[in-house]
Amino acid sequence: MARVLPFRTNRYVVENLIDWSRVPDDPIFQLVFPQRGMLSEADFEDVRTLVESADDSEALARAVDRIRRRLNPHPGGQLTHNTATLAGRPLPGVQHKYRETVVFFPAQGQTCHAYCTYCFRWAQFVGMQGMRIETRSTSDLVAYLRAHPEVTDVLITGGDPMIMATRTLRRYIEPLLAPELAHIQNIRIGTKSVAYWPHRFVSDADADDCLRLFEEVAAANRHLAIMGHYTHPVELKPALAREAIRRIRDTGAQIRMQAPLIRHVNDAPELWSELWRSGVRLGLIPYYMFIERDTGPRDYFSVPLVRAHEIFRRAAANVSGLARAAQGPTMSVLPGKIRILGVVARSELLDRQLPAVLHNGGGAMPSADPQEQILVCDFVQARDARLNQTVFFAAFDPGATWLDQMRPAFGGERFAFEQAGDRDRTAPLHALTECLLD
């Protein structure tokens, strides 16, 4: 399995987060150790045969590369639609995904303390030619931000930026605090280190220096948001993890909680309720429940959209208002972040809403069962800012797990935000945009 999918873990995860009496069903074991079901039976047998023969390394490398490319590396338009340009020149490692938000990939942060088996950026870690998104230059980022005063947020991402030594992280963050970039109000750091290696903020050699850097961001009148990837409530239980949270929050930074909904790991509402309650008690802010992206071993991890919404609804119903800050379930697709709002019967739509429904569905209203179920969705964020917070309707499909499996309600041929002809092509929508992103 590790020949195809990246594998890495560490002592903290193995000793503190995995209940070895429950293996292989333990959720963190599933989250970190590749499982046979993550590859199709045919692909698994092809790789196993070549590994056991041990006499044709080139054939093995070709087979592994072929399988990886079928797994839709870098989904959501990252390689094709996000790259920022300056004076006509593309800027590697700088992506302007939404109007207010630029995403930055520092080269030294393109690995992690441990790898999640669901990771939608797995292609960063496996050495596929032309697939690594990164840069060592801050000058391009600064020049781009000067030219784009509409940008308020910079997301530093990976991999995991907190894998870097503080002296390296400082080189990327300090330029963002310059007075000429006063329009940059929020600096975000996407990290799993708060769950997988809390030593980074407590006992590592440069932990104190890291926290001083966080304090400097606050002193420069910027907001530092640690986008903490917490996938399961067990990640909040160790005393070291809670001490890391306390120390980070004491600098003035906030920690927001986000994670995908993953089959075999956290696909139960009571786990999300416990995660949000525990996080809020520690001062964390629930942010997103994501849908597992259409990449890597998605068939092993994916949860149908209708079931994902029911899990989210039941989880939110059992927590206080502070924990209901979470948005979801949300999938990051080429057009933007789409949220599943719920399921309604056709009869529940008021007559005065039908013109808007027909516009969003893109078709005429056929006669139909008034109790027909309809999936209600909206854009939390969109590449086309005019779509932000707009609602659209999809046909009810209990098995659909991603946008390319959804169809417009009311007989429409395509959603209003799709391009003409998208539904007529032979390749899946996500493959057409790639051959990424979160």
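Keep in mind that this is a model prediction, so the values were computed, not measured.

1. What to know about the pattern of salt bridges
Enumeration according to the criterion identifies 25 salt bridges in this entry. A salt bridge links Asp140 to Arg89, with the shortest nitrogen-to-oxygen separation between them at 3.0 Å. With Asp140 in helix H6 (residues 139-147) and Arg89 in strand E2 (residues 89-98), the pair connects residues that are 51 residues apart, well separated along the chain. What makes Asp140 buried here is its relative accessible area of 18%. A salt bridge links Asp209 to Arg170, with the shortest nitrogen-to-oxygen separation between them at 3.0 Å. Here Asp209, found in helix H9 (residues 207-219), pairs with Arg170, found in helix H7 (residues 166-173); they are 39 residues apart in sequence, far enough to count as distant. In this structure Asp209 comes out as partly exposed when scored by relative accessible area, which is 23%. What emerges from the salt-bridge pattern is a single network uniting Arg170, Glu174, Asp209, Arg212 and Glu216.

2. Things to note about the packing of aromatic side chains
By the definition in use, this model includes 18 aromatic pairs. Plain terms: the ring middles of Phe379 and Phe417 are 5.0 Å apart, the flat faces sit at 90° to each other, and that makes the pair edge-to-face. Pair noted here: Phe379 is in strand E11 (residues 373-382) and Phe417 is in the loop between strand E12 (391-395) and helix H15 (429-432), with a separation of 38 residues, a long-range link. Note on Phe417: relative accessible area 15%, which makes it buried. Members of the aromatic cluster, connected to one another through ring pairs, are Phe7, Trp20, Phe29 and Phe33. The lysine or arginine in question, Lys192, covers the ring of Tyr196, its NZ or CZ lying 4.8 Å from the ring centre.

3. A closer look at the state of the cysteines
Tallied over the full model, the rule gives zero disulfides. Of the cysteine sulfurs around Cys112, a residue in no disulfide, the closest is that of Cys119, at 6.1 Å. For Cys112, a relative accessible area of 9% puts it in the buried group. Judged by its relative accessible area of 18%, Cys119 is buried.

4. What about the sheet that holds strand E1 (residues 83-86)?
The twelve strands are arranged E1-E2-E3-E4-E5-E6-E7-E8-E9-E10-E11-E12 in an open sheet whose pairing can be described as mixed. What marks the edges here is a single partner per strand, and that holds for E1 and E12. Here the strands of the sheet are splayed against their neighbours by 35° on average, with no regard to which way each runs. Bridging between strand E5 (residues 186-191) and strand E6 (residues 223-229) involves six bridges; their strand directions are parallel. By the bridge assignment for E6, Arg188 is matched with Ala225.

5. Some details on the nonpolar core
In terms of nonpolar packing, the biggest core is built from 117 residues, with Phe214, Tyr230, Trp276, Met331 and Met406 touching the most fellow members. Tallying contributions element by element places helix H13 (residues 305-316) first for this core, with seven residues. Apart from residues no more than four positions distant in its own chain, Met331 is found in contact with Ile291, Leu305, Gly336, Lys337, Ile338, Ile340, Trp402, Leu403 and Met406. Judged by nonpolar contacts, the second largest core, of ten residues, contains Phe105, Leu155, Ala225 and Phe290.

6. As for the environment of Ala220
Its place among the elements puts Ala220 in the loop between H9 and E6. Spatially, the C-alpha atom of Ala220 lies 25 Å from that of Ala205, the residues being 15 residues apart in sequence.

7. Quick notes on the pairing of strand E7 (residues 254-261)
Taken across its eight residues, E7 has six buried, putting it largely inside the fold. Judged from the five bridges that link them, E6 and E7 form a sheet pairing that is parallel. Counted as the bridge partner of Ile226 is Ile255 from E7. Following the backbone out of E6, through helix H10 (residues 239-249) and into the adjacent parallel E7, one traces a crossover that is right-handed. When E7 meets strand E8 (residues 285-291), the two strands line up parallel, connected through six bridges. Within the sheet, the bridge partner assigned to Leu261 lies in E8 and is Ile291.

8. Some details on the environment of Arg324
With respect to the helices, strands and loops of the structure, Arg324 is situated in the loop between H13 and strand E9 (327-333). Overall, the relative accessible area of 47% leaves Arg324 in the partly exposed class. Those residues within four positions of Arg324 in sequence are excluded, and the remaining contacts are Ala316, Ala317 and Val319.

9. Some points on the side chain of Asp378
By secondary structure assignment, the location of Asp378 is in strand E11. Polar contacts involving the side chain of Asp378 include one to the side chain of Arg339, which spans 2.8 Å. When near neighbours in sequence (up to four residues on either side) are disregarded, Asp378 contacts Lys337, Ile338, Arg339, Leu341, Gln389, Thr390, Val391 and Phe392.

10. Observations concerning helix H3 (residues 41-53)
Over its 13 residues, H3 runs 18 Å from end to end, which matches the ideal 18 Å to within 8%, given 1.5 Å per residue. Listing the buried residues of H3 in full gives Asp43, Phe44 and Val47. The buried residues of H3 occupy an angular sector of 100° when projected down its axis, which confines them to one face. Check the buried side of H3 and you find it contacts helix H4 (57-70). One or two steps after H3, the chain reaches Ala54, where phi turns positive at roughly 55°.

Procedures and definitions
- Residues numbered from 1 in each chain as written.
- Predicted model: local features only at pLDDT ≥ 70, side-chain atom pairs only at ≥ 80, totals over all residues.
- Heavy atoms only, no water.
- Salt bridge = Lys/Arg side-chain N within 4 Å of Asp/Glu carboxyl O.
- Helix = DSSP H or I, 4+ residues; strand = E, 2+ residues; numbered from the N terminus.
- Buried < 20%, exposed > 50% of the residue type's maximum accessible area, 1.4 Å probe, protein only.
- Phe/Tyr/Trp six-rings, centres within 6.5 Å; stacked < 30°, edge-to-face > 60°.
- Lys NZ or Arg CZ within 6 Å of the ring centre and 35° of its normal.
- Disulfide = S-S within 2.5 Å.
- Pairing = 2+ DSSP bridges.
- Axes fitted to C-alpha atoms, helices over the stretch in contact; angles between N-to-C directions.
- Core = buried A, V, L, I, M, F, W, Y, C linked by side-chain atoms within 4.5 Å.
- Contact = heavy atoms within 4.5 Å.
- Right-handed = clockwise from strand over helix to strand, strands pointing away.
- Polar contact = N/O pair within 3.5 Å; in protein donor to acceptor, adjacent residues only side chain to side chain.
- Expected span 1.5 Å × (residues − 1).
- Arc of directions from axis to C-beta.

So yeah, pure geometry; function would need other evidence.
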